[in-house]
Every structure is written in C-alpha cells, then in structure tokens.
Amino acid sequence: RTTLATLVLTAIVILPTTTMFGATPATSPGVTLPAYQTIKLPNGATILLAEKHDVPLIAFTAILRGGALADPAGKEGTASLTADLLEKGAGKQNAAQFAEAVDSVGGVLGESARAEWISIRGEFLTRDTDLMLGLLSDMLRRPAFATEEFTKLRDRDIDSLKAAKDSDLRSLIGTYANAFLFGSNLYGRPTDGSEASLAGIERQDVLNYYKNNFGADRLVLAVVGDFKAKEIESKLRAALGDWNKAAAAAPKAKAMAAVEGRRVLLVDKPDATQTYFWIGNVGVRRNDPQTPAIDLANTVFGGRFTSLINSALRIESGLTYGAFSRNVTATEPGSIGIASYTKTDSTGKAVDMALDVLTKYEKEGITADALKSSQAYILGQYPPDLETGSQLAARLAEIEFYGLGRNDVDAYGPAISAASQQDVNNVIKRLYADPKNLTFVFIGKAEAIRDVVKKYGPVTEMKITDPTFSPK
C-alpha cells in the first residue's frame with residue numbers, strides 16, 4: 001500500500017478515529033457488545049435486534065446504502081435534501097402532523113446523509129413501539145416530498161452555506177479539502193451540496209433519488225431496547241417484508257492512492273483576519289487491520305488536547321485556539337490530516353511549526369510514556385459511548401454496514417492494551433512517511449498570504465464567493 005504523509009480534519013471535533021459518517025470510538029478490555037440477532041429478510045433487508053431491559057426505551061438506527069455517492073453529477077446535495085425531507089410529511093401526515101406525532105409522546109427522531117449512506121435514528125418509550133415502527137415505515141416507504149417543504153429546505157441549505165462562508169469557515173475547511181484532495185473521485189463530493197449544485201436541484205431529482213436508492217436491499221436496521229425479539233421481529237416483517245428493492249445498484253467509490261508531491265489550494269476571503277488551513281493526504285479504510293495502532297498514533301499526534309500538534313501550536317506558542325488531526329475512514333481509504341487556524345500574519349509560522357512536529361514524529365516515533373498515556377486515554381474515553389440503546393443501535397448498524405462483526409468492539413480494547421511501541425511506530429512510518437507528499441488547503445486573505453503559501457507547492461486559487469467547493 002502506498003505510504004501517506006499526514007492526517008485530515010473535516011471539523012474540529014476530535015475522537016480517536018472517525019468514519020465519513022460519524023464516530024468510531026475506542027473501547028476498554030471490559031466493554032463488549034450485548035448479544036444480538038441478525039435477521040435477513042427475503043427482500044434483502046438486514047435487521048439486527050438486541051434486547052436491553054434496563055429502561056423502558058427502544059432505539060433504532062436505519063441505514064440505507066448510497067448516500068452522497070449516489071447524487072447525480074452536478075446535483076450534489078440531493079441525498080442530503082432527501083434525508084431532511086423524510087420527516088417533513090410521510091404516510092397520511094403532513095410535516096406538522098408528523099412532528100406532532102413524535103413530540104406528543106416525547107420521542108426523538110432524526111436523519112442525516114453521509115458519503116455512503118442515509119441514516120434515520122430514533123428513540124421512543126416501549127409503550128410507543130407501534131407508533132415508532134409506523135413512523136419509520138412511513139419515512140422509508142411513503143415519504144411525501146411535498147413541494148413546499150422541498151423548496152423551503154433547499155433555500156435554507158443554500159442560505160446556510162452562504163452564512164458559513166461568511167462566519168463559520170471551520171465548518172467548511174474539510175469540504176474544500178475533500179474536494180481538492182479527491183477531485184473527481186466520489187469521495188470529493190460535498191455531502192451537503194454547494195450553492196451551485198443545490199440551486200440546480202428540483203423536486204423531481206429527489207423523487208428520482210428516492211426511487212433509485214431506497215429499497216429493502218439497501219436497508220440495515222438495528223433495534224435495541226426493551227422488547228421481546230420475536231414480537232418485534234414479527235412487526236418488522238409485517239412493516240417491511242413486502243418492501244421492494246431499490247431500482248438501481250448501490251454506488252461504490254473507487255480506491256484512491258495517496259497523492260504524490262505537494263500542491264496548494266488557496267481560497268481567497270478578502271476580509272479574513274485569520275487563515276484556516278488543512279494539511280493531509282489519502283488515508284485508510286474503515287476496516288484497516290491496524291486500526292488500534294492507528295488510533296494510538298493519532299491520539300498522540302493530534303487526537304486530544306495534550307497532543308503533540310495542539311501542544312505546539314496552542315499551548316506552547318499561542319498561535320491558535322486549537323490544532324488537531326483526524327482520520328476519516330470509509331469503505332475505501334478516506335482522508336487523514338491536520339487542521340487549524342491562526343492570525344493572518346502568523347500563517348507561515350503556524351504551518352511551518354505543524355510540519356516540524358509532523359516530521360519529528362515520523363522520524364522519532366512514539367515514546368514509551370506517550371504510548372501508555374495514549375492507551376489509558378483511549379480506554380477511558382469509550383465505555384460511556386456504548387451505554388445507551390441509541391449508541392448501541394448506531395454501532396451495530398455501522399458494524400453490519402462494513403461487515404466487521406462484533407470483534408470490532410469486543411477485541412478492540414484488548415488490542416489497544418496489547419499494542420507495542422514498535423506496532424505504533426510501524427504505523428507512524430506507514431501513515432506519516434515522506435512529508436514531500438502533502439496537499440495543503442488555505443482559506444484566508446489571499447493578498448496577504450499568497451507569497452507565504454506558495455513555498456509549500458504549486459498554488460491553485462479560487463474565491464470564497466465561488467458557488468462550488470472545487471476550483472474551475
């Protein structure tokens with residue numbers, strides 16, 4: 001496998017490892033998944049059931065394979081709009097009635113689109129199981145996609161992107177980075193769309209997306225909580241057993257090798273007083289067999305407050321309020337990189353310091369003390385993330401999606417504890433080797449930093465006001 005050069009951050013929220021869809025936390029030796037059943041329906045749907053009787057609640061996570069990868073070219077954001085519309089009216093209820101049905105019983109319901117899936121999550125009291133299953137069935141099989149709701153959401157999403165470009169650049173640096181790093185690869189698509197792509201989406205595009213990508217063969221449904229497995233299985237078979245398959249095959253991204261050489265994207269925001277930057281390359285798959293060692297390496301380098309990169313750029317130098325690293329994984333290799341921000345006039349100093357920390361880490365590796373500290377940190381972080389039914393349902397669905405099996409959790413803690421200094425150093429050499437192969441993305445005042453950033457590689461420029469996230 002081609003060696004890589006650094007790490008990726010799509011948002012400044014740090015966990016040991018993340019997927020393109022959400023968190024993949026670490027675990028302790030004593031944390032294991034509960035017993036659960038896997039049921040395959042004749043129409044292709046996969047159902048996972050885990051009884052949990054400590055509280056009278058039932059939680060679920062439904063995943064539909066496809067996500068933003070299935071967006072029509074030039075109409076990125078279609079999956080996101082489709083997901084948001086699922087609870088804006090379904091079955092015989094309009095948006096207001098649907099919301100009232102959930103709120104009136106204190107239920108929780110939400111949905112989102114990610115690179116490779118659309119997910120629906122919910123939690124209800126056990127007494128409201130039939131209502132919960134009815135709402136879920138309506139969302140999956142009978143969404144209204146009302147014209148007025150579609151228009152409202154599309155316009156809202158366009159306005160949100162414009163607002164982020166004005167005042168929330170941290171939320172966009174990863175989108176620009178993915179677009180520049182992956183280019184025409186499907187992983188380069190902006191999941192939420194761009195101003196240009198959203199403006200071109202019509203209601204019919206949502207209807208077409210639903211027809212092609214919603215169906216029993218795309219569904220993974222995990223249900224955890226206070227129920228009898230046989231009873232809820234019978235109800236789920238009645239609700240979903242006759243659901244047809246999706247009209248199209250699920251899309252797949254092609255694996256992309258690390259990008260060789262250095263290159264720079266400069267996004268000009270003339271009124272910026274700070275520079276937001278990302279440094280990285282292509283990373284690893286979600287099912288990488290060295291995941292425990294990768295998590296340990298990333299925790300030391302940039303995965304916690306006392307990490308090497310944050311200590312250098314924030315604690316010791318005061319150049320930023322935060323510098324982090326993140327490993328974003330998917331079915332094929334995602335991205336791995338550093339992200340931070342600093343005052344315009346300290347752009348070069350901050351980036352040089354980040355590169356110095358990276359180079360030193362690659363050469364010297366992890367110390368014995370750092371390994372022990374990283375192991376203790378990871379083992380202490382995870383148990384609370386698998387306490388609730390909602391958390392368990394989300395993890396079971398993810399495990400099934402990737403075909404990982406329960407050892408993804410059960411064996412993880414022991415693997416963290418057993419990892420040696422040499423194991424982690426081997427991963428560091430694999431991931432952070434050859435700092436000559438790096439992709440840089442800067443958002444800031446181009447007039448002030450153009451001469452600074454060009455020393456990192458050939459520069460491609462675009463404007464923050466451009467309605468896409470990719471340079472022309």
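Structure: see above.
Residues numbered from 1 in each chain as written. Predicted model: local features only at pLDDT ≥ 70, side-chain atom pairs only at ≥ 80, totals over all residues. Heavy atoms only, no water.

## Topic: helix α2 (residues 95-103)
Considered for burial, the residues of α2 that qualify are A95, F98, A101 and V102. Along the axis of α2, the buried residues cluster in a sector spanning 125 degrees; they form a single face. Exposed side chains of α2 directed beyond 90 degrees from the buried face belong to A96 and D103. Buried-residue contacts for α2 involve β6 (89-90), β7 (93-94), β8 (108-113), β9 (117-125), α3 (129-141) and α4 (147-167). Capping of α2 at its N-terminal end is provided by N94; its side-chain oxygen lies 3.2 Å from the backbone amide nitrogen of A96. (Buried < 20%, exposed > 50% of the residue type's maximum accessible area, 1.4 Å probe, protein only. Helix = DSSP H or I, 4+ residues; strand = E, 2+ residues; numbered from the N terminus. Arc of directions from axis to C-beta. Contact = heavy atoms within 4.5 Å. Polar contact = N/O pair within 3.5 Å; in protein donor to acceptor, adjacent residues only side chain to side chain.)

## Let's talk about the packing of aromatic side chains
Counting across every chain of the model gives 15 aromatic pairs. Ring geometry for F440 and Y456: centres 5.1 Å apart, planes at 20 degrees, overall stacked. Of the two residues, F440 sits in strand β15 (residues 438-444) while Y456 sits in the loop between α17 (446-453) and β16 (459-463), which places them 16 residues apart along the sequence. Arranged with centres 6.1 Å apart and planes meeting at 25 degrees, the rings of F442 and Y456 form a pair that is stacked. Here the residue F442 occupies a position in strand β15, and Y456 occupies one in the loop between α17 and β16, the gap between them amounting to 14 residues. Accessibility assignment for this pair places F442 and Y456 in one class, buried. One aromatic cluster is present, built from ring pairs that chain together F277, F440, F442 and Y456. Lying across the ring of F469, K165 places its NZ or CZ 5.4 Å from the centre. Between R263 and the ring centre of F180, over which it is positioned, the NZ or CZ distance is 4.5 Å. (Phe/Tyr/Trp six-rings, centres within 6.5 Å; stacked < 30°, edge-to-face > 60°. Lys NZ or Arg CZ within 6 Å of the ring centre and 35° of its normal.)

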